[in-house]
Amino acid sequence: MKPELPADMQDKPHSIHHVNFPTTDVERTKDWYGRVFGLKHQDVSRWSNTKVLLMTRGNFDIHFTPCTPEQMVRMAPFHFAIEVYDWDNFLAHLKKEGVRHTKPVERPQNNSKFCYVHDPDGTMIELVYHGERPTVPAF
């Protein structure tokens, strides 16, 4: 039995379930997001005839829709952000994977840091770390 939601939360969203991005190369996207963010491919083809690459971490999903390079220009988002647990270790992981990032910026008002990387299709991903956030597992 699910616990009852507090009254002040009953009309609020829970979280973002997933986002969807275009990709010009499904296999390259699957490999890159697997290596860089530890996402796993979830084959949903038996339930849907829609061509979509679904990648998951268990606590969030990212969907990718195959497209041509011409369609990519029209469909590409500006950016999305992923929170990381450990800033220094994640930046070391990026270096090991050969993923370049922008110069990290620190926000002293909330002890947070951020920088940007780009996936193989050029989608900008903001990496965020909040040093004062409680270390509660996301799942």
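Criteria and thresholds
Each chain has its residues counted from 1, following the order in which its sequence is written. With pLDDT at 70 or above as the cut-off, local features in this predicted model cover only qualifying residues; side-chain atom pairs require 80 or more to be listed or tallied, and sums for whole chains, interfaces and linings still use all residues. For the side-chain quantities, the full set of heavy atoms in the structure was used; hydrogens and water were omitted. Helix and strand assignments come from DSSP, with helices taken as H or I runs of at least 4 residues and strands as E runs of at least 2, each series counted from the N terminus. Exposure is judged per residue with a 1.4 Å probe applied to protein chains only, and the accessible area is read against the type maximum: over 50% gives exposed, under 20% gives buried, and values in between give partly exposed. Residues count as neighbours in contact if any of their non-hydrogen atoms are within 4.5 Å of one another. Calculation of accessible area relied on Shrake-Rupley with a 1.4 Å probe; when residues are assessed, cover is drawn exclusively from the protein chains displayed. Only when DSSP finds a minimum of two bridges between them are two strands counted as paired. Between the N-to-C directions of two axes lies an angle of 0 to 180 degrees, each axis being a line fitted to C-alpha atoms and, for a helix, fitted only over the stretch in contact. Within 6.5 Å between ring centres, the rings of Phe, Tyr and Trp (the latter by its six-membered ring) count as paired, and their orientation is classed by plane angle as stacked under 30 degrees, edge-to-face over 60, tilted in between. Polar contacts, as counted here, are pairs of nitrogen or oxygen atoms within 3.5 Å of one another; within protein the pair requires one atom able to donate a hydrogen and one able to accept it, and residues that are adjacent in sequence qualify only if both atoms are side-chain atoms. Residues belong to one nonpolar core when they are buried, are Ala, Val, Leu, Ile, Met, Phe, Trp, Tyr or Cys, and are joined through side-chain atoms within 4.5 Å.

S.K.: Residue-level account of the overall build of the protein, with values.
M.R.: Within the protein, the secondary structure is distributed over three helices and eight strands. Helices (α) and strands (β) of the protein occur, in sequence order from the N terminus, as β-α-β-β-β-α-β-α-β-β-β. For the protein, with 139 residues in total, the buried portion stands at 30%. For the protein, the proportion of contacts with a sequence separation of at least 24, taken over those separated by at least 6, is 54%. Just so you have it, the protein exposes about 9800 Å², and 55% of that area is on carbon and sulfur atoms.

S.K.: An account of the sheet that holds strand β6 (residues 105–107) is needed here, citing residue identities and associated values.
M.R.: In space, the four strands of this open sheet follow the order β5-β8-β7-β6, with mixed pairing throughout. Of all the strands in the sheet, the pair left with one neighbour each is β5 (79–83) and β6. Shown here is a sheet whose adjacent strand axes are inclined to one another by a mean of 25°, direction ignored. Bridge analysis of β5 against strand β8 (residues 124–130) gives five bridges, and the strand direction is parallel. The residue bridging F80 from the neighbouring strand is I125, located in β8. Relative to β8, helix α1 (residues 26–37) is tilted by about 15°, and along the sheet it contacts β5, β7 (112–118) and β8.

S.K.: An account of the packing of aromatic side chains is requested, with residue identities and associated values reported.
M.R.: Inspection of every chain in the model, using the stated rule, returns nine aromatic pairs. Look at W87 and Y129: their rings are 6.4 Å apart centre to centre, the planes differ by 40°, and that puts the pair in the tilted class. In this pair, W87 is assigned in helix α3 (residues 87–97) and Y129 in strand β8, connecting sequence segments 42 residues apart. You'll find W87 and Y129 in the same group, each marked buried. An aromatic cluster of at least three residues, connected via ring pairs, comprises F21, W32, Y33, F37, F64, F80 and F90.

S.K.: Any chance you could break down the environment of D61 for me, citing the residues and the numbers?
M.R.: Inspection of the secondary structure puts D61 in strand β4 (residues 61–66). Under the relative-accessibility criterion, D61 is labelled buried at 14%. Remark: the alpha-carbon pair of D61 and Q42, spanning 19 residues in sequence, is separated by 9.5 Å. Engagement of the side chain of D61 in a polar contact is seen with the side chain of T56, the distance being 2.5 Å.

S.K.: Talk me through the nonpolar core; I want residue IDs and the actual numbers.
M.R.: Core analysis: the largest hydrophobic core is formed by 23 residues, its most contacted members being W32, Y33, F37, L94, I125 and L127. Mapped by element, the contributors of at least two residues to this core are α1, β3 (53–56), β4, β5, α3, β7 and β8. Once residues within four sequence positions are removed from consideration, W32 is found in contact with F37, V99, V117, H118, D119, P120 and I125.

S.K.: Hey, could you go over the environment of V19 for me, with residue numbers and the actual values?
M.R.: Tracing the backbone through its elements, the reader meets V19 in strand β1 (residues 18–23). For V19 and H63, which are 44 residues apart along the polypeptide, the C-alpha to C-alpha distance reads 6.1 Å. With residues up to four places along the chain from it excluded, the contact list for V19 reads D61, I62 and H63.

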